[in-house]
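Structural characterization, general
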Amino acid sequence: MKLDKKSRFLIGALYGLITAVANGIGASFPNFLKMPVMEVFYSEAWSLYMNDRPGFNLFINACSFVLPALLCVMYGANNNPKKFDYRFINLPFVFSVCGISGWAFYFVYEVISMIIIKSSYHMSILPVILTSLMYTSLQMMMSFSLAFFTMETLHRRVILPKYYAEGHLEKFEKVKGKSLKFIFVIFYITALIFPLIYVSMVYLTTVVNNGLVVEKTCVIVFSILVVVSVAITFVLYDYFENPLKKLQEATKKIEKGNYDERVGIVTTDSFGVLADSFNDMTDSLKAKNKKILSIQNSIVTGMATMVESRDNSTGGHIKRTSDCVKIFIEELKKSSDFDFMTPSFCESMIKAAPMHDLGKIAVDDAILRKPGKFTDEEYEIMKSHSAAGAKIVANVLQEVDDLEFKQIAVNVAHYHHEKYDGKGYPCGLKGEEIPFEARIMALADVFDALVSKRCYKDSFSYDKAFQIIEESLGTHFDPLLGKAFIACRKNLESLYNNDNV
């Protein structure tokens, strides 16, 4: 989806608001805690200095909030098309850094002010600087953590997948990829160091407050921080668990030959780069596998055509039965009785159809090219083509990754002469013992034999052919499949009329 100017403005405004709210929360903590330790560290002289300049101090406080907003606006206002993508992708990190710039500004102001007034107020500035540094660090830490993880979560879960669905974010120059080490450091600062610092502050407060009484406010704040830390820990788990799980599941599917599988991780961190590499590898494997399958199919079809050219009674049989199977499969898809057929099964069945008589390559020419009917002995030799075909197909497709296709092709070649009542060959299988794909092939194979002219018979009319099939339901053919095949009559007649059979 295209990221237009309006969308860019709305997203930038939302992230600016998140940054401002995070700063507001960070600023409210010292005021909310009201810890007596502040009264000890912040000397009377510094308090007097602050009270003597309320207007100026208000101005400095305002600047501390205006500065981050100004930096965010300046960053988002750059409309250079060459720089836009990487600037937009880096928004969460950049806005979070801009957000804490106000705290740094205010701390520098305090240090400079204390150096200036030290001689006038005769004060010790070290306790004040240390206290200010502690509180400023906490405020910066809280503001950055809240802003970064709120925006980063929104960015990786919603914004980036929506506007950069193709992934490959590393292709944009200067995109700041966040290493796993960086993510761990930020998470653990938020989840572990944060609470420890506040525990220390609670302890200091307790010592100042007669050493035994813990203020209720501090307990509440600490409890909230513990809950937040636990929640962040779960987010950390999710941050690593979900991408790894997606990669693992995709790998298993690729291992089974499903080269259409893609990993939907669109981020600038190591997982995003790994997902892009994985998807590129999958695309490459898919293209190579498709080429190999095309070559194999051409070889198999060529072999089948060569076999057919030796049999002077079945000209065009391979093409016609293959087209017949395609029509039959489309009819079966319409019925809820066959909703177990997956798209991959249907595709494999159509590709396997030309291989059903490949075993005839092992039959002697004297038998295969005989113009009349076979003797019993010749017929037994002819019947061996199905078992021979299964072995040939298995060898030809030995290196094919698609196990489903391989099995279907072998079954079609091996069992398409089995009969539903168990009187077929080569194994005398009965009913549903016969593989489903072989039962499909049997109908197409026999129908073509019925309506085609052979050296030992004339072609039957469509009425006669469908009558024979209908009468053979439950004996030669699967009754349910046979009814579906008969329902294809109009399309089958059109196919054969166009082929001038």
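See the structure printed just above.
Residues numbered from 1 in each chain as written. Predicted model: local features only at pLDDT ≥ 70, side-chain atom pairs only at ≥ 80, totals over all residues. Heavy atoms only, no water.

**Brief notes about the overall build of the protein chain**
Our working definition: Secondary structure elements follow DSSP: runs of H or I of four or more residues count as helices, runs of E of two or more count as strands, with numbering from the N terminus. A simple rule labels every residue: compare its accessible area, found with a 1.4 Å probe on the protein chains alone, to the largest value its type can have, and call it buried under 20%, exposed over 50%, or partly exposed in between. Only heavy atoms matter for contacts: two residues are in contact if any of them lie within 4.5 Å across the pair. Per-residue and other accessible areas follow the Shrake-Rupley method at a 1.4 Å probe size, with only the shown protein chains counted as cover for residues.
A tally of regular secondary structure across the protein chain gives 20 helices and zero strands. The burial tally for the protein chain puts 45% of its 501 residues in the buried class. Look at the contacts in the protein chain between residues 6 or more apart in sequence, and 75% of them connect residues 24 or more apart. Just so you have it, the protein chain exposes about 26300 Å², and 62% of that area is on carbon and sulfur atoms.

**A short note on helix α12 (residues 343-352)**
Defined as follows: Each direction from the helix axis to a C-beta atom contributes to the arc, which is the arc of those directions.
Within the span of α12, buried status applies to Phe 345, Cys 346, Ser 348, Met 349 and Ala 352. All buried residues of α12 fall inside an arc of 165° around its axis, so they share one side. On its buried face, α12 is in contact with α11 (317-333), α16 (403-415) and α17 (436-451).

**Regarding the packing of α11 against α12**
Rules: Axis lines are fitted to C-alpha atoms, over the contacting stretch for helices. Their N-to-C directions set the angle, which ranges from 0 to 180 degrees. Roughly parallel here means an angle under 35 degrees, roughly antiparallel means over 145, roughly perpendicular means 65 to 115, and every remaining angle is called oblique. Left-handed is the label given to a crossing in which the near helix is rotated counterclockwise from the far helix by less than a right angle, and right-handed is the label when the rotation is clockwise.
Running from N to C, α11 and α12 cross one another at 160°; their axes reach a closest spacing of 9 Å. When the axis of α11 is compared with that of α12, the two are roughly antiparallel. The handedness of the crossing between α11 and α12 comes out as right-handed. Between α11 and α12, the residues in contact are Val 325, Lys 326, Ile 329 and Lys 333 and Cys 346, Met 349 and Ile 350, respectively.

**Regarding the packing of α11 against helix α20 (residues 489-498)**
The contact between α11 and α20 brings their axes to 10 Å, and the two run at 155°. What the angle tells us is that α11 and α20 run roughly antiparallel. For the pair α11 and α20, the crossing hand works out as right-handed. For the pair α11 and α20, the contacting residues are Arg 320, Asp 323, Cys 324 and Ile 327 in the first and Asn 491, Leu 492, Leu 495 and Tyr 496 in the second.

**Observations concerning a nonpolar patch on the surface**
This is how it is decided: Like-charged residues within 9 Å of one another, or nonpolar side chains (Val, Leu, Ile, Met, Phe, Trp, Tyr) within 5 Å, are grouped into patches, provided each residue has over 30% relative accessible area and no salt bridge. Salt bridge criterion: a side-chain nitrogen from Lys or Arg within 4 Å of a carboxyl oxygen from Asp or Glu.
Nonpolar side chains collect at one region of the surface, where Leu 17, Val 21, Ile 25 and Leu 146 lie side by side and expose about 320 Å² of accessible area between them. With respect to the helices and strands, Val 21 occurs in helix α1 (residues 5-33). On the accessibility criterion, Val 21 (45% relative accessible area) is partly exposed.

**A few points about the environment of Thr 19**
By the element assignment, Thr 19 lies in helix α1. Taking relative accessible area as the criterion, Thr 19 reaches 4% and is therefore assigned buried. In this structure, the C-alpha to C-alpha distance between Thr 19 and Phe 148, residues 129 residues apart in sequence, is 8.3 Å.

**As for the pattern of salt bridges**
Under the defined criterion, the tally for this structure stands at 12 salt bridges. The salt bridge partner of Asp 323 is Lys 319, with a shortest N-O separation of 2.9 Å. Here Lys 319 and Asp 323 lie together in helix α11, a separation of four residues that amounts to about one turn. You can call Asp 323 buried: its relative accessible area is 16%. Judged by its relative accessible area of 52%, Lys 319 is exposed. Taken together, the salt bridges that share partners define one network made up of Asp 463, Arg 489 and Glu 493.

**Description of the nonpolar core**
Spelled out, the test is: What is meant by a nonpolar core is a set of buried Ala, Val, Leu, Ile, Met, Phe, Trp, Tyr and Cys residues, joined one to another through side-chain atoms within 4.5 Å.
The biggest cluster of nonpolar side chains holds 51 residues, and the ones touching the most others in it are Phe 328, Leu 332, Met 349, Ile 440, Phe 447 and Phe 485. Among the elements that line this core, the one with the most residues is α17, at nine residues. The residues contacting Ile 440, other than those within four sequence positions of it, are Phe 328, Ile 329, Leu 332, Phe 345, Met 349 and Leu 481. Counting 24 residues, the second-largest nonpolar core is a separate cluster that includes Tyr 75, Cys 98, Leu 160 and Tyr 163.

**Brief notes about the environment of Ala 484**
Residue placement: Ala 484 occurs in helix α19 (residues 479-486). A sequence separation of 156 residues divides Ala 484 from Phe 328, and the C-alpha atoms of the two residues are 7.7 Å apart. Apart from the residues within four sequence positions on either side, Ala 484 is in contact with Phe 328, Glu 331, Leu 332 and Phe 338.

**Quick look at the packing of aromatic side chains**
Which entries qualify depends on this criterion: Only centres within 6.5 Å qualify two rings of Phe, Tyr or Trp (six-membered ring in Trp) as a pair; their planes then separate them into stacked at under 30 degrees, edge-to-face at over 60, and tilted for everything else. Both a distance and an angle decide whether a charge sits over a ring: NZ of Lys or CZ of Arg must be within 6 Å of the ring centre and within 35 degrees of the ring normal.
All told, the structure shown has 17 aromatic pairs when counted by the stated rule. Summarising the aromatic geometry, the rings of Phe 148 and Phe 149 are spaced 5.1 Å apart at their centres and angled 80° between planes, so their arrangement reads as edge-to-face. When sorted by exposure, Phe 148 lands in the same class as Phe 149, which is buried. Grouping aromatic residues by their ring pairs yields a cluster made of Phe 328, Phe 447, Phe 466, Phe 485 and Tyr 496. If you follow Arg 87 out to its NZ or CZ, it ends over the ring of Tyr 75, 4.1 Å from the centre.

**A closer look at helix α18 (residues 462-471)**
Along α18, the residues classified as buried are Tyr 462, Ala 465, Phe 466 and Ile 469. Relative to the axis of α18, the buried residues are bounded by an arc of 90° and lie together on one face. Relative to its buried face, α18 has exposed residues pointing more than 90 degrees away, namely Asp 463 and Glu 471. Buried residues along α18 sit in contact with α17, α19 and α20.

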